[in-house]
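Structure assessment
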Amino acid sequence: MISRRGFVGAMAGDHAPPPGLDRDLFVGPVPAVPYHPVYHPFNWRGWVDFGVGALGDMGAHLLDHPYWALGLTLPLTIEATSTPFGGPADAPATYPLAMTAHYEFAARGMQPPVSLHWYDGGLMPPRHDLLPEAVALSREGGVLYVGEWGLLLHETYGRNPQLFPQSLHERAEQVPKWYTRVQDADHEMNWIRAILGEAEAVSPFSCAAPLTEVMLLGMAALRAGQGRRLRYDAINMLFAGADDANRYLTREYREGWT
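Scoring rules and cut-offs
Counting restarts for each chain, with residues numbered from 1 along the sequence as it is written. Residue-level local features of this predicted model are given only where pLDDT is at least 70; pairs of side-chain atoms are given and counted only at 80 or more, and the full residue set underlies all totals for whole chains, interfaces and linings. Where side-chain values are given, they derive from all heavy atoms of the structure, hydrogens and water being excluded. Only runs of H or I of at least four residues qualify as helices and only runs of E of at least two qualify as strands under DSSP, and these elements are numbered from the N terminus. Between buried and exposed lies partly exposed: a residue is buried under 20% and exposed over 50% of the maximum accessible area for its type, with that area taken using a 1.4 Å probe on protein chains only. Should any heavy atoms of two residues lie within 4.5 Å, those residues are considered in contact. All accessible areas in this document rest on Shrake-Rupley with a 1.4 Å probe, and a residue is counted as covered only by the protein chains that are shown. Lines are fitted to the C-alpha atoms to define the axes, a helix being fitted only along its stretch in contact, and any angle between axes, read from their N-to-C directions, falls within 0 to 180 degrees. Oblique is the label for any angle not under 35 degrees, not over 145, and not in the 65 to 115 range, which are roughly parallel, roughly antiparallel and roughly perpendicular in turn. In a left-handed crossing the near helix is turned counterclockwise from the far helix by less than a right angle, and in a right-handed crossing that turn is clockwise. Under this grouping Gly is polar, as are all residues other than the nonpolar Ala, Val, Leu, Ile, Met, Phe, Trp, Tyr, Cys and Pro and the charged Asp, Glu, Lys and Arg. Among the buried residues, those of types Ala, Val, Leu, Ile, Met, Phe, Trp, Tyr and Cys that are joined through side-chain atoms within 4.5 Å form a nonpolar core. Two strands pair under a simple rule: DSSP has to find at least two bridges between them. For cavity detection a 1 Å grid was placed over the protein atoms alone, and a set of points counts as a cavity when a 1.4 Å probe fits there but cannot get out; an open set counts as a pocket when protein lies on both sides within 12 Å along at least five of seven lines, with lining residues being those that have an atom within 4 Å of a point. Grid points are joined across faces, edges and corners, and a volume is the space filled by probe spheres set on the points.

This part covers the overall build of the protein chain. Scanning the protein chain from terminus to terminus reveals eight helices and eight strands. Along the first, second and third principal axes, the C-alpha atoms of the protein chain reach 60 × 45 × 40 Å. In the protein chain, which comprises 258 residues, the proportion classed as buried is 33%. Within the protein chain, contacts between residues at least 6 apart in sequence are counted, and of these 51% link residues at least 24 apart. When the accessible surface of the protein chain is summed, it comes to about 16,500 Å², and 57% of that surface belongs to carbon and sulfur atoms.

Here's what the structure looks like:
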């Protein structure tokens, strides 16, 4: 295990930021650190100072489907485990290479409670008996729904949905397509058109904000302790009876960013 000082020593050197990069704006509220190519433009998300790991990165492209489709709100409990963080335990520098997060959501009206499980870094969920042996779970990412009638499997971004057993396809074909499709299948332009008042955003803040909260709760639970089941008080935005864990729900901002 390399220490945080070891990370700094390994990355010693005077590196000038690329043209057009506002270094102060990029660093934002976190403690000021010298520019290094290891952070920008992509790897910042793996560093504790800047990012929120794979869950905080790709959760928006994977958890959003069940979150939106099942009408989920905020979880009742969260539990997370992982491989080791990079750096000392009291001041980790990088996120683990692999983690799991387990959420429990309450019933919503006529809809039953939901258990949601996140896996990354090569960790995979157990195979279900209804999943044909020839169907591999994609290491590029995806979602597996286990329901009363069978399974729904799709890749990242909801691509290539498949139903199991095969007989469910016939039932699914009878479901009318009543959701409005994104014009030109272009979500970036949908956002621009919504800003201009020409369309409704398909990912409005009313959905995206609580979804982001769910993702970050998984990372906060991981920082709070391996395998620890935390109860979330959504009204007060606190872990109930876990004051030591609540410090991971916020951060100290450097001067000028408070």
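What follows continues from the structure just given.
In the contact formed by helix H3 (residues 53-62) and helix H7 (residues 205-224), the axes pass within 8 Å of each other and the chain directions differ by 160°. Considered as vectors, H3 and H7 are oriented roughly antiparallel to each other. The two elements H3 and H7 cross, and the hand of that crossing is right-handed. Contact residues: H3 offers Gly53, Leu55, Gly56, Gly59 and Ala60, while H7 offers Leu211, Met215, Gly218 and Met219. Grouping the constituent residues of the contact of H3 with H7 by class yields five nonpolar, four polar and no charged.

Note on soluble globular proteins: their nonpolar side chains tend to be buried together. In terms of nonpolar packing, the biggest core is built from 35 residues, with Leu55, Met99, Tyr103 and Phe239 touching the most fellow members. Those elements that place two or more of their residues in this core are H3, strand E1 (77-82), strand E2 (99-105), strand E3 (114-119), strand E4 (142-146), H7 and strand E7 (230-233). Top contributing element to this core by residue count: H7, with 10 residues. Other than its neighbours up to four places away in sequence, Leu55 contacts Leu63, Met99, Ala101, Tyr103, Trp118, Asp120, Met215, Gly218 and Met219.

Moving on, we come to the sheet that holds strand E6 (residues 162-164). Ordered by their spatial adjacency, three strands build an open sheet running E4-E5-E6, and the pairing between neighbours is antiparallel. Each having just a single partner strand, E4 and E6 make up the two edges of the open sheet. Across this sheet, the average inter-strand angle for adjacent strands is 15°, counted without regard to direction. In this sheet, strand E5 (residues 151-155) lies alongside E4 in antiparallel orientation, the contact comprising five bridges.

The space that makes up the second largest pocket amounts to roughly 1,200 Å³. If you trace the second largest pocket, you find 41 residues lining it, with Tyr95, Arg223, Tyr248, Thr250 and Arg251 closest to the centre. The leading source of residues in the lining of the second largest pocket is H7, at eight residues. Across the lining of the second largest pocket, the residue classes tally to 23 nonpolar, eight polar and 10 charged.

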